[in-house]
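In case you want the letters, here they are:
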Amino acid sequence: RSGGRRLLSISDSYNAKQLWDKGFKGEHIKVAIFDTGIDAKHRSFKHIEDRSNWTDEDTLEDRLGHGTFVAGVVAGKHPDCHGFAEEAEIHTFRVFTQRQMSFTSWFLDAFNYAIQTRMNILNLSIGGPDYRDQPFIDKVWEMSANNIIVVSAIGNDGPLWGTLNNPADQPDVIGVGGIDYKFNLAAFSSRGMTTWELPAGYGRVKPDIVAYGKDVPGASIPGACRSLSGTSVASPVVAGAVTLLASTVPIEKRSTHLNPASMKQALVESATRLNGLSIFEQGAGHLNLYGAYEVLTGKAPRVTVFPEHWDLSLEACPYMWPFCTQGMYAGAQPIIINATILNSMAVSSHVVGPVEWLPGEQGECLDVHVEHAPVIWPWSGYLAVFIKIKPECATRRGIATGKVRVTVESPPVYGSSVRRTGEADLSLRVQMIQTPDRRMRILWDHYHNVQYPPGFFPRDNLAHRDFLDWNGDHPHTNFRGLYGKIKEAGYFLEILGEPFTCFDATQYGTLMIVDSEDEFRPEEVEKLRVDVTEKGLSVLVMAEWYEPDVMRKIKFFDDNTQMFWTPQTGGGHVPGLNTLLSSFGVALGSGAFKGPFSLGGHTAQIKSGSAIARWPQGGYLYMQSMQDEGLMTLTSTRKNVEIGVLGLLDVGGLSPGRVAVFTDSSCVDNKESDLSCWWVVEGMLSYTSLAIRPSHLMAAPIHAEFKPEAFQPLPITNPEFELHLYSRAAGPAPQCHAEKRGAAPTAPSGASVAPRSA
């Protein structure tokens, strides 16, 4: 019961009886349940065909109840919690112990067995942030290539954005988010975008689809019913629906018409879009069981693009957030959309010929460049579209439209020598606006943000128990709230996924550097010096803690890799920032500090920030007493220290800009706070972009040179922490995107947008 009312069986909630009445109940479909096991003679199931144990415990039984529940949602027959496909064959793979522990190696062995025993559907109510766990990912790809339809939970890390779990974030996997019975996105459901394409590209749309995931009824160990919540529940809802749908395909057609691509096409093309939610929250929308049946059985194998329609106009919110929050204008950084090619004709195929741009109304104003996967395998590949407004259309207004057309070639069917081709279109609708005054244009440096995986980049708040920083550090993920505030203040924000040598400083009022974890190349340091002193660019920095002894303290032993993990840097990389800011006489020191920062009637809560160690005479420096969190972490000693927290500086030169530095970014990070220091950022932007020091920053600051002995010498990059293994500043400088693409805007490039490709 929920709120005093009896819950319907999940199959009733999706009117599965419509398909049951047609004679489909999951017959001849083999479903793999990767979970906590099941009891051999459980009375809620008709066909428990096989049970296997891959853990270090000597049992096949379910002692937690989760595996039983998941299997019940898929194929249970209890009248009060009936599953979707009671005639399906249940195969349980026990990969979790009673302590809810598991290892990658157990999954790899179990995956091999699933391939060997020719499973049709596989449910994974699990996930994690490590999209670089290559052995695991390779095996998921192998299962898809062997025609196993993998359904996986998108994660329970909501309401934060950039929290998608692997393998649900993979293109070939059906990633499932959760909603409640009032069609609200469940608070726990992870939000997109995918982050493994960053910073050079943009994340893909995930989840693919959403389903009921709150208070869902299913089987219990004793044989009665219980209800559970989570995307680990929404996943078997979709897996059960997929199992039922698979049984509707005639047996003689299953080898050609039933595969991971055809099933995903059926689900996303029939899904019901929900009001008030972004595409990165709901994907295509809510599961439509009967609609998916009509698509699956009514359409032949084909090539499609998901999402097919990209409306970037201002009227397309909230579904197309964030694309709908800002019009496009000449001279801006390219907008990148990252779609997925789905080919249900063949597991392996490739794009042939040039990718075409077919302009519609005012489409000649769009400068379109396309990059795509060199091989579409297994069943899917990326299609990245870079969009800019041509300079000659700088005065144009209104909507520009057009289509990107891709042609995919597949191998011949068995017994034929004729290769097959299919076309798919991606439609664009773009809002063109006047180019804003440079003072209102902000460039966000995302190129120097480095995250887990593959290295150990720690969270910015030392008080947080989860030390991994894995949410992308992007204005559209964990800095989503800050992005919204910047937009409300009337600014236009563009995102830089390339080195500083790739942008024109005269186009922007402020360069924002937030929570950077990397080094800066010498040519970047010199360019910024020139940009600030001669071209009027201002710089706004939000730093993070950096303390080598604390970094050593928080290392941990990882059971999967059987090795100690030591951070590559602190919450941010202060030595890199110091190199960048050295031309202006500005530096930060080692340490981690926390506490309230009050100024002009406002208060912000600093969480694990650094401290300003050098500030030149003539600048403005704001001091505050803060708790030495680094000392507390190392020795459990409480001590307060007076430190520099905020600095403002007018830089001399021919056409000088300004520099503003704040020692913390956690206070504007949605995973750590409620934007308690937006007033600080707003004041810094007024100073850097508009040359206005607002009233709440007028309290008397230190105006003399500041160089306290306590923070000398300045921190340096220590090879011990091996940042160079993950640094984008190491090795040859990358080619700027504008140079790489040359003068052929519609020609496809072999360069990969994503770090992994087949």
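For the structure itself, consult the block above.
Computed from a predicted model, the values in this text were never measured in an experiment.

Chemist: Describe the side chain of D169, listing the residues and the values that go with them.
Modeler: Within the secondary structure, D169 sits in the loop between β5 (149–153) and β6 (174–179). For D169, which is buried and forms no salt bridge, the nearest opposite charge comes from R204, at a distance of 5.4 Å. D169 has contacts with Y131, L164, T194, W196, R204 and K206, leaving out every residue within four places of it along the chain.

Chemist: I'd love a proper account of the packing of aromatic side chains, names of residues and values included.
Modeler: When we look at a pair of aromatic rings, we describe it by the centre distance and by the angle of the planes. For the structure shown, the criterion picks out 37 aromatic pairs. Ring centres 6.3 Å apart and planes at 45° place the aromatic pair F24 and Y293 in the tilted group. A residue pair is termed long-range when its members are at least 10 positions apart, and F24 in the loop between α2 (17–20) and β1 (30–35) and Y293 in helix α10 (residues 289–298) qualify at 269 residues. Judged by relative accessible area, F24 falls into the buried class, the value being 19%. Taken together, a centroid distance of 5.8 Å and an interplanar angle of 65° make the contact between F107 and F136 edge-to-face. You can see F107 sitting in helix α4 (residues 104–116) and its partner F136 sitting in helix α5 (residues 134–145), a full 29 residues away along the chain. An identical accessibility class is assigned to F107 and F136; each is buried. In this structure an aromatic cluster arises from ring pairing among F34, W54, F93, F96, F107, F111, Y113 and F136. Directly above the aromatic system of Y508 lies the positively charged group of R441, at a separation of 4.7 Å from the ring centroid. The positively charged end of K555 is found above the aromatic ring belonging to F564, 5.1 Å away from the centroid.

Chemist: I'd like a description of the state of the cysteines, backed by residues and values.
Modeler: Under the definition given, this model contains five disulfides. One disulfide in the model links C502 with C736; its S-S distance is 1.9 Å. Here the S-S torsion is close to -85°, and the disulfide linking C502 with C736 is therefore left-handed. Here the residue C502 occupies a position in the loop between β20 (492–496) and β21 (510–514), and C736 occupies one in the loop between α16 (678–690) and α17 (737–741), the gap between them amounting to 234 residues. Assessed through its relative accessible area of 10%, C736 is described here as buried. Here C667 pairs with C677 through a disulfide, and the sulfurs are 1.9 Å apart. Sign of the S-S torsion, about 75° for the bond between C667 and C677, identifies this disulfide as right-handed.

Chemist: Residue-level account of unusual backbone geometry, with values.
Modeler: In this structure, P167 follows N166 across a cis peptide bond, with omega equal to 15°. The peptide bond linking W321 to P322 adopts the cis configuration, its omega dihedral lying at 5°. Along the chain, P322 falls in the loop between β11 (309–312) and β12 (335–343). Located in the positive-phi region is N15, a residue other than glycine, with phi close to 50°.

Chemist: So what's going on with the environment of E722? Which residues, and what values?
Modeler: As for its position among the elements, E722 is in the loop between α16 and α17. With 154 residues separating them along the chain, E722 and Q568 place their C-alpha atoms 5.9 Å apart.

Chemist: Please provide a residue-by-residue account of the packing of α4 against α5, values included.
Modeler: At a minimum axis distance of 10 Å, the contact between α4 and α5 shows a crossing angle of 15°. Taken as axis vectors, α4 and α5 run roughly parallel relative to one another. Judged by the sense of rotation from one axis to the other, the crossing of α4 with α5 is left-handed. Here α4 contributes T104, F107, L108, F111, N112 and I115 to the contact with α5, which in turn contributes P135, F136, K139, V140, E142 and M143.

Chemist: Lay out the sheet that holds strand β3 (residues 89–94) in plain terms, naming residues and giving numbers.
Modeler: Read across the open sheet, the seven strands follow the order β2-β3-β1-β4-β5-β6-β7; overall the sheet is parallel. In this open sheet, the two strands that pair with only one neighbour each are β2 (48–53) and β7 (209–212). Adjacent strand axes in the sheet meet at a mean angle of 25°, parallel and antiparallel pairs treated alike. Contacts from helix α3 (residues 66–75) reach β1, β3 and β4 (121–124) within the one sheet, and its direction differs from that of β1 by about 155°. Each of β1, β4, β5, β6 and β7 touches helix α6 (residues 231–246); the most contacted strand, β6, lies at about 125° to it.

So, how was this worked out
Residues numbered from 1 in each chain as written. Predicted model: local features only at pLDDT ≥ 70, side-chain atom pairs only at ≥ 80, totals over all residues. Heavy atoms only, no water. Helix = DSSP H or I, 4+ residues; strand = E, 2+ residues; numbered from the N terminus. Buried < 20%, exposed > 50% of the residue type's maximum accessible area, 1.4 Å probe, protein only. Lys, Arg positive; Asp, Glu negative; His and termini not counted. Salt bridge = Lys/Arg side-chain N within 4 Å of Asp/Glu carboxyl O. Contact = heavy atoms within 4.5 Å. Phe/Tyr/Trp six-rings, centres within 6.5 Å; stacked < 30°, edge-to-face > 60°. Lys NZ or Arg CZ within 6 Å of the ring centre and 35° of its normal. Disulfide = S-S within 2.5 Å. Axes fitted to C-alpha atoms, helices over the stretch in contact; angles between N-to-C directions. Parallel < 35°, antiparallel > 145°, perpendicular 65-115°, else oblique. Left-handed = near helix turned anticlockwise from the far one by under 90°. Pairing = 2+ DSSP bridges.

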